[in-house]
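Notes for the structure review
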Amino acid sequence: MLIPIGTATAADSAAGSAVDDAANNAASSAANNTAGYAAGYTSASVDIRSSIIFKDTPVDYALKGDDFDSWAITPMIWSGVYYKINTNASTEKMYIYPYSGSSPMTFNEDHTAAERPSKVDIYYETFPIVTNYSYKNWTYGVTDEGKSQYGVYSTINLFGDSYVLISPDNYVLNPGEKELEYKYTPEMTKLVELVIDKSSKYNRSAGEEISLGNGYVVIPEEIDVMRQKVKLNLYKDDVLLDSAVVYAGSGSSNCSDDDDDDNDRSKDKSDSSSDTGNTANSASYDNSDTMISKGDVLGEKNVTYFRCRVSSIFDGADHPIVEINGVWLIDFETAFEVEDADFGYFKEDGIGPDSIKYKAENIGVTENTTIPLGGKTNFETLGIFLPHSWGFYVKNIETAAKSYEIRSHILTSDNYKEGIEAFNFAGFYSDRYTGTGSEKFSILVDDLGYSNRVIPEGCLTYVITPVSTNYRGGLEGNYYVMGLLGNTYIPFSETNTQKMMELLITTGVKRTLAVGQPFVLGNYSIVPTAIDVAGNKVYLEILRDGESIGNSTVSTNGDEAGKTWTLNKTVLGDEVTVAKIYVDMVFQGDSDSFVVLEGIWLADYTTAREISTSDEFEKLDFIGQNNVDGINQLVFISNEEIVLESNKKIELTDGFTLKVASNRSTLRFYLSTTESLRNSSSSDRSTGDSENESKDTNDTNDTEISADSASVENSNSGFASDSDSSSSSWKSDVIAASGILTIFAGAGFLFWNKNGKK
């Protein structure tokens, strides 16, 4: 909602908001949907969705619930839950039981749905696992047989988040030499969020912090190269939690921090008590090369909440340097007991010796519905939900600033011929309303399996077929859209598909704007420069980087076509539509005039590109177009032999990777891409990834185009005008901030592409 400041009155605000409240409220309920859920988009959130379950999706081996009466959402079809491809291990599953009215929904003999569900019950179960520390050399002595006892800890995944099971020492001794999953785990009633577990190397001089996440940082205060020791301080939101003197890389004995100045500093330590009564006490332990901090959590005494290993200390070019190569942290302030914690619709349904169960019952489903189930997990239906055509899926909405892997369903020797499409891979574009996608990876090999892992040159194909979709809101007609390696593009036409530009927004959500009030989309803005209420017309202007790219007087009288402004420009030698805006009405508030826009479609013509057979796509070659039913497909094939060797990551092109399990007797693999969220603040404390010393930079090339602005004469006669919209008293409805876009949906979707630019 746009917020007036300055001269606008409360009555004006109410008048403007009354027109679009319903649409905006609906939009906010699905505020993080993109039209394609493509994993490549960089936005304020990342959607990790499951495969789409359509009416004709059979309840087969990957989806079968009990007695073929439900669908099971498992890691086989959803990367939002824990999955370890090397061992095929998973910990979470979700069963969706559909109902038609008050009766269970019926299925056909081929196990496809015979009708449309009106409501669903969802059952969720999660199992604990025992986990190795990422830093493998943390040990706690030897067994009676003289074997090393490796420290491990017990975790459980709950609605997309990973938690540590709380016990006084939250690790299990002597778990065995190879397998850990079957060993004892602590009681499953008390959980705490795992912030970080990494063995990455961090080189820091005195005073330089390592951001761990959730407001935690560790800072080397004093570095003594001669004595090979360092004083480490752990902070939470700038409050000192613990300090310890740690020696580099020895691990021979325990020693406490007994320096005089350290004892003085301990007086400054806060108990950091949270509402749950958890404390980070000042008891720190040094396994010589490892700082170990303990505290009281939910009544459990001496729970280890932080571990930090120092590998070396040396003289840098200008300052002494400490190298840290093992960090583990839980956030005791997030601790909770399962019996006391419901998650949205999910209610606790049993805590057994081996699992935690939740259930959500009587969830009504209609078209275009997003239902927050619990935590970050949502149940979502397609925009079309008819008896003969419907679909749904589950998804996690991730907002933490870190990198997320988005993967396809799991491919094996049994199902690889099905290929990878948008419905089973969120990294591809799919239409929000129909679930229709435009991209498909196929493997044209007859006998791929554990003994034959070779995909010959030319036998992996990537085919893009543009799909027709309707404009939103009051805009009439349709346009073509397609995905290309994580980005969403508008082809110049269904036959001129080699030329394309990125779609910035398509929305039918009503937007109420006053004179001079911009609707901001990144570096674009739409501004009603003048409004003539008596004459039922508005003078609109579109600006890019503050410069006008087009303007027009639009009347609210007449038919739908007359209320639509279409802006065409010459791009890459062709005249194409770059914007369409539908004006619903103009009206007078107490002191300001308003316009209501009910359809906005905007493409970023500066991203226009033309692909050719000479372009390089790493392991793929673009070989040209293929006309099918009047639409020109874009066809790519592999340009080299691809071997699905066990335990391999194979970079195909532009961030798309095939990941193969390490199991040599069974072939398992998937296609994946990565999307990263960045903290908009200058000090990103959300992930340890950003602390690595080496940083990659991406070079981008601007596309040169011919962009001739449409020339429309501005007649201000009869208009209420704003002579200087740049100094408007209205606050901009800013969607883009610090390179991160907030996505809104409901009747419309915002697109932001993988490369971080428009």
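Residues numbered from 1 in each chain as written. Predicted model: local features only at pLDDT ≥ 70, side-chain atom pairs only at ≥ 80, totals over all residues. Heavy atoms only, no water.

1. Thoughts on the overall build of the chain
- The secondary structure content of the chain amounts to 2 helices and 56 strands.
- Counting every position in the chain, which comprises 758 residues, the buried fraction comes to 54%.
- Pairs at least 24 residues apart make up 61% of the contacts formed inside the chain by residues separated by at least 6 positions.
- Carbon and sulfur atoms make up 43% of the accessible area of the chain, which totals about 31,000 Å². (Helix = DSSP H or I, 4+ residues; strand = E, 2+ residues; numbered from the N terminus. Buried < 20%, exposed > 50% of the residue type's maximum accessible area, 1.4 Å probe, protein only. Contact = heavy atoms within 4.5 Å. Areas by Shrake-Rupley, 256 points an atom, 1.4 Å probe, with all protein chains shown as cover.)

2. Re the sheet that holds strand β34 (residues 460-464)
- Here 5 strands make up an open sheet; going across it, the order is β31-β32-β34-β48-β47 and the pairing antiparallel. Two strands lie at the open edges of the sheet, namely β31 (420-421) and β47 (620-628), each paired on one side alone.
- When strand β32 (residues 439-443) meets β34, the two strands line up antiparallel, connected through 5 bridges. Its bridge partner being in β34, E439 is matched across the sheet by I464. (Pairing = 2+ DSSP bridges.)

3. Some remarks on the packing of aromatic side chains
- Counted under the stated rule, the structure contains 27 aromatic pairs.
- Ring geometry for Y462 and F636: centres 5.4 Å apart, planes at 40°, overall tilted. Linking Y462 in strand β34 with F636 in strand β48 (residues 631-638), this pair joins segments that are 174 residues apart in sequence. The same class applies to Y462 and to F636, which are both buried.
- Among the aromatic residues, those joined into a ring-pair cluster are F425, F428, F441, Y462, F617, F622, F636 and F656.
- Positioned above the aromatic ring of Y133, the side-chain terminus of R307 is 4.9 Å from the ring centre.
- Over the aromatic face of Y471 sits the side chain of K580, whose NZ or CZ is 5.4 Å from the ring centroid. (Phe/Tyr/Trp six-rings, centres within 6.5 Å; stacked < 30°, edge-to-face > 60°. Lys NZ or Arg CZ within 6 Å of the ring centre and 35° of its normal.)

4. Comments concerning a negative patch on the surface
- Among the surface-exposed residues, E457, E616, D621, E640 and E641 lie close enough to one another that they form a single negatively charged patch.
- Within the fold, E641 resides in the loop between β48 and β49 (642-643). (Patch = residues over 30% accessible without salt bridge, like charges linked within 9 Å, V, L, I, M, F, W, Y side chains within 5 Å. Salt bridge = Lys/Arg side-chain N within 4 Å of Asp/Glu carboxyl O. Lys, Arg positive; Asp, Glu negative; His and termini not counted. Charge placed at Lys NZ, Arg CZ, Asp CG, Glu CD.)

5. Considering the pattern of salt bridges
- If you walk through the whole model with that rule in mind, you get 17 salt bridges.
- With a closest N to O distance of 3.7 Å, K359 and D349 form a salt bridge. Within this pair, whereas K359 is found in strand β25 (residues 356-364), its partner D349 is found in strand β24 (residues 347-351), the two being separated by 10 residues in sequence.
- Taking relative accessible area as the criterion, K359 reaches 26% and is therefore assigned partly exposed.
- Among the salt bridges present, the one from K499 reaches D574, with a minimum N-O distance of 3.0 Å. Residue K499 is located in strand β38 (residues 499-507), and its partner D574 is located in strand β45 (residues 574-588); the two are separated by 75 residues in the primary sequence.
- Of the residues examined, K499 reaches a relative accessible area of 12% and is grouped as buried.
- Overall, D574 belongs to the partly exposed group, its relative accessible area being 23%.

6. Considerations on the nonpolar core
- The biggest cluster of nonpolar side chains holds 44 residues, and the ones touching the most others in it are W71, I122, L158, F346, Y358 and F379.
- At 4 residues, β25 tops the list of elements feeding residues into this core.
- In this structure, L158 is in contact with E92, Y124, T126, Y163, L191, F336, F343 and Y358, ignoring residues within four places of it in sequence.
- Ranked by size, the runner-up nonpolar core spans 42 residues in total, among them F492, I542, Y582 and A603. (Core = buried A, V, L, I, M, F, W, Y, C linked by side-chain atoms within 4.5 Å.)

7. Some remarks on unusual backbone geometry
- Here the phi dihedral of N362 falls at roughly 55°; this positive angle occurs in a residue that is not glycine.
- Looking at where N362 falls in the secondary structure, it is placed in strand β25.
- The exposure class assigned to N362 is exposed, which follows from its relative accessible area of 52%.
- With a phi close to 50°, L572 is a non-glycine residue in the positive phi region.
- Mapping L572 onto the fold places it in the loop between β44 (564-571) and β45.

8. Re the environment of P104
- Examined against the element boundaries, P104 turns out to sit in strand β7 (residues 103-104).
- Judged by relative accessible area, which is 58%, P104 ranks as exposed.
- Measuring from C-alpha to C-alpha, the distance between P104 and K119 comes to 9.5 Å, with 15 residues separating the pair along the chain.
- Setting aside anything within four residues of it in sequence, one finds P104 in contact with P98 and Y99.

9. Overview of the confidence of the model for the chain
- Summary statistics for the chain give a mean pLDDT of 77 and a share of 73% for residues scoring 70 or more.
- Note that residues 1-42 has pLDDT below 50 and, in this model, 126 contacts with residues that lie over four places away or in other chains. (pLDDT = per-residue confidence, 0-100.)

10. Some details on the side chain of N233
- Structurally, the position occupied by N233 is in strand β18 (residues 229-236).
- Looking at N233, the relative accessible area reads 2%, which means it is buried.
- A distance of 2.5 Å separates the side chain of N233 from the side chain of E221, its partner in a polar contact. (Polar contact = N/O pair within 3.5 Å; in protein donor to acceptor, adjacent residues only side chain to side chain.)

11. Observations regarding the pairing of strand β39 (residues 511-514)
- The alternating pattern of β39 places R511 and L513 and T512 and A514 on opposite faces, both of which are buried.
- Pairing of β39 with strand β46 (residues 593-610), which is carried by 4 bridges, proceeds in the antiparallel orientation. Along β46, the bridge assignment pairs R511 with L597.

12. A word on the sheet that holds strand β16 (residues 210-213)
- Spatially, the 4 strands line up as an open sheet ordered β16-β17-β18-β19, and their pairing is antiparallel. In this open sheet, the two strands that pair with only one neighbour each are β16 and β19 (239-247). The average undirected angle you get between the axes of adjacent strands in this sheet is 25°.
- Of the pairings in the sheet, the one linking β18 to β19 comprises 8 bridges and is antiparallel in character. Residue pairing across strands places Y235 opposite L240, the latter belonging to β19. (Axes fitted to C-alpha atoms, helices over the stretch in contact; angles between N-to-C directions.)

13. A look at the environment of S408
- Here S408 shows up in the loop between β29 (403-407) and β30 (411-412).
- Judged by its relative accessible area of 1%, S408 falls in the buried class.
- Spatially, the C-alpha atom of S408 lies 7.6 Å from that of W78, the residues being 330 residues apart in sequence.
- Leave out the neighbours within four places in its chain, and S408 touches I420, N424, F425, Y670 and L671.

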